[in-house]
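# Summary of the model geometry
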Amino acid sequence: MSAASCLLTEDQFLCSICLDVFTDPVAIPCGHNFCKACITQHWNVNVQCQCPNCKKLFNTRPELQVNTFISEMAAQFRQSAQQKTSSSEQQESKPGEVPCDVCTGTKLKALKSCLVCLASYCETHLEPHLTKPGLKRHQLIDAVENPEDRMCTKHDKPLELFCKTDQMCVCMLCTYSDHKNHDVVPLEEEYEGKKVELGKTETEIQQMIQKRRVKIQEIKHSVELSEEDADREIADGVQVFTALKESVERSQAELIDTIKEKQRKTEKQAEGFIKELEQEISELKKRSTEVVQLSHTEDHLHLLQSFTTLKTPPATKNWTGVRVSPPSHEGTVVRAVNQLEETLSKHMKKLLIQAKLKRVQQSAVDVTLDPDTAHPELILSDDGKQVKYGDVKKNLPNNPERFDTHARVLAKQSFSSGRFYFEVQVKGKTNWYLGVARESINRKGAVIASRQNGFWTICLINENQYLAVTDPLVLLSLKSQPQKVGVFVDYEEGLVSFYDVDAAALIYSFTGCCFTEKLYPFFGPCFNDGGKNSAPLIISPVNHTE
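In this report, the structure presented in the accompanying data block is examined. (Residues numbered from 1 in each chain as written. Predicted model: local features only at pLDDT ≥ 70, side-chain atom pairs only at ≥ 80, totals over all residues. Heavy atoms only, no water.)

## Considering the sheet that holds strand S7 (residues 140-142)
Applied cut-off: Between any two strands, at least two bridges found by DSSP are needed for them to pair. Secondary structure elements are defined from DSSP: runs of H or I of at least 4 residues count as helices, runs of E of at least 2 residues count as strands, and each element is numbered from the N terminus. Inter-axis angles, ranging from 0 to 180 degrees, are taken between N-to-C directions of lines fitted to C-alpha atoms, where helices are fitted over the stretch in contact.
Overall, antiparallel pairing links the 3 strands, which are arranged S6-S5-S7 in an open sheet. Strands at the two margins of the open sheet, each flanked by one partner only, are strand S6 (119-121) and S7. Put simply, the sheet's adjacent strands are angled 35 degrees from each other on average, direction ignored.

The structure is reproduced here in structure tokens:
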């Protein structure tokens with residue numbers, strides 16, 4: 001029989017209804033064969049008993065008997081085909097995969113687990129559960145380790161229900177005992193519900209992951225900014241200390257030169273005295289020689305004639321009060337150190353301000369003027385970078401944003417966090433206002449641009465008088481007239497600072513400010529004053545201080 005089955009083709013063992021190898025094959029009166037379950041189901045659905053192949057009608061439903069010969073042939077064909085497939089396709093079980101419980105020697109990968117046999121089977125050893133009637137009724141699931149864990153320990157039945165009341169898996173018999181009258185649903189139903197919940201959980205987890213990835217990027221960006229700040233601080237520190245070191249070295253050299261110069265003067269004075277003394281000694285030695293010679297002469301007349309001349313001392317200085325005193329260096333080092341301290345203090349302040357200005361210039365922003373806020377008599381350049389007073393009032397809409405009394409204008413850009421910086425050329429002007437203003441300022445009527453009214457500004461009045469506009473006004477003492485003013489704001493710090501860009505000097509700072517609104521750069525070119533103040537305010541590109 002086995003040899004004969006090898007000569008038959010697969011099509012001869014296929015049911016034309018399920019298109020699979022016969023299971024419990026039966027022959028109907030017309031001679032065609034089908035699976036018993038397939039033809040029974042077909043006739044249950046259709047009103048007439050008809051052959052699906054030849055369409056022959058039967059007045060009464062034929063009695064169906066399993067054709068044991070065809071059944072055995074189909075089973076052998078199926079087993080042969082499965083063995084061929086198994087030999088070519090089945091794989092040895094790997095770590096983490098469920099092994100077949102029947103295989104001896106090399107354990108193949110299990111495909112299914114039986115909840116009745118409580119065992120797992122590879123494709124070859126699973127075949128009886130697919131063909132034998134008694135085993136076909138067993139409940140198969142995808143291969144799992146320890147299938148006994150899926151059985152009720154109390155009733156030894158499959159855990160195929162879920163008790164919502166106790167939140168646990170139960171068997172059918174449990175619903176008649178411990179879980180009677182509980183809210184029990186099939187595992188499939190609870191599975192679908194839990195899958196939906198898991199989907200939501202997965203979405204939430206992914207959102208949490210994304211937030212943390214964003215936070216990681218924020219932290220990395222903060223580290224990068226911190227590194228940049230650290231590099232700038234180091235560079236600024238090196239510049240400051242190098243300058244201080246050079247200043248100390250210059251002061252040290254000057255101190256040494258001063259002391260040495262005093263020593264040189266002392267030595268020169270001493271050399272002069274010594275030279276003069278040596279000259280007198282030479283003259284005295286010469287007189288001594290003459291005296292000795294005269295004292296030995298026996299010429300009475302010559303001795304008496306020369307005696308008076310030789311007895312008179314030569315013209316010499318009275319050296320009794322002459323002294324060379326060592327130069328006094330007392331206080332020289334102290335004065336030098338005090339002078340150095342004063343110089344260093346001034347120099348250090350200047351360097352620190354230069355470093356500060358260089359740092360705040362890193363926050364430079366592009367600023368342009370907003371024509372919708374400009375006073376009607378102001379003239380703005382086409383690029384929005386210059387503003388001056390025009391003496392002629394233009395016919396413009398009196399919108400809420402526009403200043404109607406003072407010659408003022410705001411920038412288009414606003415800032416509500418972080419830091420920002422911009423520079424304005426004020427060269428040639430005798431009167432101006434600069435700074436920032438909050439969004440809610442009163443733009444109508446004669447409103448002073450003071451801190452109390454929502455403005456943080458400084459101004460120039462009367463050509464050389466600079467003020468910080470607060471209550472009371474603060475008179476600013478500047479060493480030089482700024483040609484370009486830098487405005488820096490740190491929103492969170494509550495700081496507004498003004499710098500003389502060319503002199504790299506701090507003009508004034510508003511501190512302790514509490515900002516809660518948008519801030520706008522503010523410009524007040526003021527009236528022309530008969531042409532004296534006709535120069536424009538010019539928003540300048542920032543050239544970083546070296």
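## Section: the side chain of Asp490
Note the cut-off: Between N or O atoms, a polar contact is any pair within 3.5 Å; within protein, one atom must be a potential hydrogen donor and the other a potential acceptor, and residues adjacent in sequence are included only when both atoms are from side chains. A contact between two residues is defined here by any heavy atoms of the two lying within 4.5 Å.
Mapped onto the secondary structure, Asp490 falls in strand S19 (residues 484-490). A polar contact of 3.4 Å, which involves the side chain of Asp490, links it to the backbone nitrogen of Glu492. Not counting residues up to four positions away in its chain, the partners in contact with Asp490 are Gly418, Arg419, Leu495 and Phe515.

## Focus on the nonpolar core
Threshold: Residues grouped as a nonpolar core are buried Ala, Val, Leu, Ile, Met, Phe, Trp, Tyr and Cys residues, joined through side-chain atoms within 4.5 Å. Per-residue accessibility, obtained with a 1.4 Å probe over protein chains only, is compared with the maximum for each type, and a residue is labelled buried under 20%, exposed over 50%, and partly exposed between these values.
Formed by 37 residues in total, the largest nonpolar core has its most connected members in Trp432, Val485 and Phe523. Those residues in contact with Val485, other than ones at most four positions away along the chain, are Phe422, Glu423, Val424, Val426, Trp432, Leu434, Ile458, Phe498, Tyr499, Val501 and Ile507.

## Concerning a negative patch on the surface
Threshold: Patch construction takes residues with relative accessible area above 30% that form no salt bridge. Like charges are linked within 9 Å, and nonpolar side chains (Val, Leu, Ile, Met, Phe, Trp, Tyr) are linked within 5 Å. The Shrake-Rupley method, run with a 1.4 Å probe sphere, supplies the accessible areas, and residue values consider only the shown protein chains as cover. Just to be clear on terms, a salt bridge is a Lys or Arg side-chain nitrogen sitting within 4 Å of an Asp or Glu carboxyl oxygen. In this tally, Lys and Arg are treated as positive and Asp and Glu as negative; His is ignored, and so are the chain termini. Here the site of a charge means atom NZ of a Lys, CZ of an Arg, CG of an Asp or CD of a Glu.
On the surface, a cluster of negative charge is contributed by Glu224, Glu227, Glu228 and Asp231. Relative to the elements of secondary structure, Glu227 occurs in helix H6 (residues 187-295).

## A look at the pairing of S19
With 7 of 7 residues buried, S19 lies mostly within the body of the structure. Here S19 shows a buried face lined by Lys484, Gly486, Phe488 and Asp490 and a second buried face lined by Val485, Val487 and Val489. Of the strand pairs in this sheet, strand S14 (residues 419-425) and S19 are connected by 7 bridges, and their pairing is antiparallel. Bridging across to S19, Gln425 finds its partner in Lys484. Here S19 pairs with strand S20 (residues 495-500) via 6 bridges, running antiparallel. What sits directly across from Gly486, in S20, is Tyr499. Hairpin geometry of S19 and S20 is characterised by an intervening segment of 4 residues between the two adjacent antiparallel strands and by a positive phi of about 70 degrees at Gly494.

## Re the layout of surface pockets
Quick note on the threshold: Grid spacing is 1 Å over the protein atoms alone, the probe is 1.4 Å, and a cavity is where that probe fits but cannot get out, while a pocket is an open set with protein on both sides within 12 Å along at least five of seven lines and lining residues have an atom within 4 Å of a point. Grid points are joined across faces, edges and corners, and a volume is the space filled by probe spheres set on the points. We call Asp, Glu, Lys and Arg charged. Ala, Val, Leu, Ile, Met, Phe, Trp, Tyr, Cys and Pro are nonpolar, and the rest, Gly among them, are polar.
In this structure, the largest pocket occupies an estimated 460 Å³ of space. Around the largest pocket, the lining is made up of 17 residues, and of these Ile353, Lys479, Ala503, Ala505 and Leu506 lie nearest the centre. Looking at the lining of the largest pocket, the elements that each hand over two or more residues are helix H8 (332-360) and strand S21 (505-510). The residue inventory of the lining of the largest pocket, partitioned by class, reads 9 nonpolar, 3 polar and 5 charged.

## A look at the packing of aromatic side chains
Formally: Put simply, two rings from Phe, Tyr or Trp (the six-membered ring, in Trp's case) pair if the centres are within 6.5 Å, and we call them stacked under 30 degrees between planes, edge-to-face over 60, tilted for the rest.
Counted by the stated rule, this structure contains 13 aromatic pairs. Residues Trp43 and Phe58 carry aromatic rings whose centres are separated by 6.3 Å and whose planes lie at 70 degrees to one another, so their mutual orientation is edge-to-face. Of this pair, Trp43 sits in helix H2 (residues 36-45) while Phe58 sits in strand S4 (residues 57-58), and the two are 15 residues apart along the sequence. In terms of burial, Trp43 and Phe58 fall into one category: buried. Each residue in the set Phe403, Phe455 and Phe522 is aromatic and connected to the rest through ring pairs, giving one cluster.

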